[in-house]
Amino acid sequence: MTRVLVVEDDPQLVRALKINLQARKFEVVEAGDGATALRLAAARTPDAILLDLGLPDMDGVEVIRGVRGRSHVPILVLSARHTSEEKIRALDAGADDYVTKPFSMDELLARLRAATRRREAPASPAGIPGIATDEFTIDLAARKVVRGERTVRLTPTEWHLLELLIARPGHLVSQRRLLLEVWGPAYSEHTNYLRVYMAQLRRKLEANPSRPRYLITEPGMGYRFEP
Ligand code: CA
């Protein structure tokens, strides 16, 4: 049975989550504040954490940092905040994904299943020699991309971006993280660089670059590689 730690101070939402999760055979552990969440995350070793960012005693991002100090458990953020900056802070602190309130229960459950699945079958960047999709094949060791019969030439910057994205298939990688890792701290606000380079990557890899299948934009947030 998958054990989910629900960290939320809104009793109505807790009740709704509990009913829905238990109906789908999840075991639910509840925490109404950050301190309880940190204690239960250690004591009950949940398989996933649903985390509200606005908690009565501390910022949810602090909970993420506290949990990440010891555990790789998937953390799905429930955010009432609409600024992408807050969500990016949560993702940078180590959250795996987020849903914005109000969310549909179906969407939440789909994200939760995806997060726990990724945990069961981690596709580690170091361990895998490459990735094959219906459209292209990436050989990381040889630093080679083949599309159909042809080798695709990528610039070092394009490679770096692509490596960061395919390292965690299905995961959102924040704009800030990509800019920091590829261009450095002085460029962390230069989101236009990302738009330009992602457009180039799509032209080289996607059958229909204006409607990408593999290199997905999350507006205002970042990008994800969908295998
Ligand atoms: Ca709250």
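Model, not experiment: these values are computed from the prediction.

### Digging into the coordination of the calcium ion
Donor atoms from the polypeptide that coordinate the calcium ion comprise Asp9 (OD), Asp52 (OD) and Gly54 (O), at 2.2 to 2.4 Å from the metal. Sequence spacing of the donor residues for the calcium ion, all on one chain, is D-x42-D-x1-G.

### Let's talk about the sheet that holds strand β8 (residues 144-147)
Within the open sheet, the 4 strands sit side by side as β6-β7-β8-β9. Their pairing is antiparallel. The sheet is open, and its two edges are formed by β6 (130-132) and β9 (150-152), each paired on a single side. Strand-to-strand twist of the sheet, defined as the mean angle between neighbouring strand axes without regard to direction, takes the value 20°. Pairing between β8 and β9: 3 bridges, direction antiparallel. Counterpart to Arg147 in the pairing with β9 is Arg150. Packing of helix α6 (residues 156-166) onto the sheet brings it into contact with β6, β7 (136-139) and β8, and relative to β7 it is tilted by some 95°. This element, helix α8 (residues 191-205), spans β7, β8 and β9 of the sheet and lies at about 50° to β8.

### Overview of the sheet that holds strand β12 (residues 222-225)
Pairing is antiparallel across the open sheet formed by 3 strands, whose spatial order is β10-β12-β11. Only two strands of the sheet have a single neighbouring strand rather than two, namely β10 (172-174) and β11 (215-218). Strand-to-strand twist in this sheet, taken as the mean axis angle between neighbours without regard to direction, amounts to 30°.

### Some details on the pattern of salt bridges
Scanning the model with the defined rule gives 17 salt bridges in all. Here Glu135 makes a salt bridge to Arg147, at a shortest N to O gap of 3.0 Å. Note that Glu135 is positioned in the loop between β6 and β7 and Arg147 in strand β8, a separation of 12 residues in sequence. Glu218 is the partner of Arg224 in a salt bridge, and the nearest nitrogen-oxygen pair spans 2.8 Å. What makes Arg224 buried here is its relative accessible area of 8%. By relative accessible area, which is 16% here, Glu218 ends up buried.

### A closer look at helix α7 (residues 175-182)
Regarding α7, the residues found buried are Gln175, Leu178, Leu179 and Val182. In a view along the axis of α7, the buried residues occupy a sector of 95°, so they form one face of it. Those residues of α7 that are buried are in contact with α6, β10, α8 and β12. Backbone geometry just after α7 places Gly184 at a positive phi near 105°.

### Details of the packing of α7 against α8
Interaxial distance between α7 and α8 falls to 10 Å at its minimum, and their mutual angle equals 85°. When the interaxial angle is binned, α7 and α8 end up roughly perpendicular. Between α7 and α8, the residues in contact are Gln175, Leu178 and Leu179 and Thr191, Tyr193 and Leu194, respectively.

### Points about the confidence of the model for the chain
Mean pLDDT for the chain: 87, with 94% of residues reaching 70 or above. At the level of individual helices and strands, the chain shows its lowest average pLDDT in helix α4 (residues 84-93), which scores 79, and its highest in strand β2 (residues 26-31), which scores 97.

### Things to note about the domain arrangement of the chain
The domain architecture assigned to the chain consists of domain 1 (3-120) and domain 2 (130-225). Just the C-alpha atoms count here: the centres of domain 1 and domain 2 sit 28 Å apart. Taken together, the 10 residues of domain 1 in the interface contact 12 residues of domain 2. Both sides of the domain 1 and domain 2 interface together cover about 880 Å² of buried area, and 50% of this is carbon and sulfur. Where domain 1 touches domain 2, the interface holds 2 salt bridges. In this structure, the salt-bridge partner of Arg224 is Asp97, at a minimum N-O distance of 3.9 Å.

How each quantity is defined
Residues numbered from 1 in each chain as written. Predicted model: local features only at pLDDT ≥ 70, side-chain atom pairs only at ≥ 80, totals over all residues. Heavy atoms only, no water. Donors = N, O, S within 2.8 Å, 3.2 Å for Na, K, Ca; no water. Pairing = 2+ DSSP bridges. Helix = DSSP H or I, 4+ residues; strand = E, 2+ residues; numbered from the N terminus. Axes fitted to C-alpha atoms, helices over the stretch in contact; angles between N-to-C directions. Contact = heavy atoms within 4.5 Å. Salt bridge = Lys/Arg side-chain N within 4 Å of Asp/Glu carboxyl O. Buried < 20%, exposed > 50% of the residue type's maximum accessible area, 1.4 Å probe, protein only. Arc of directions from axis to C-beta. Parallel < 35°, antiparallel > 145°, perpendicular 65-115°, else oblique. pLDDT = per-residue confidence, 0-100. Domains from an automatic or database assignment. Buried area = accessible area lost by both parts, 1.4 Å probe.

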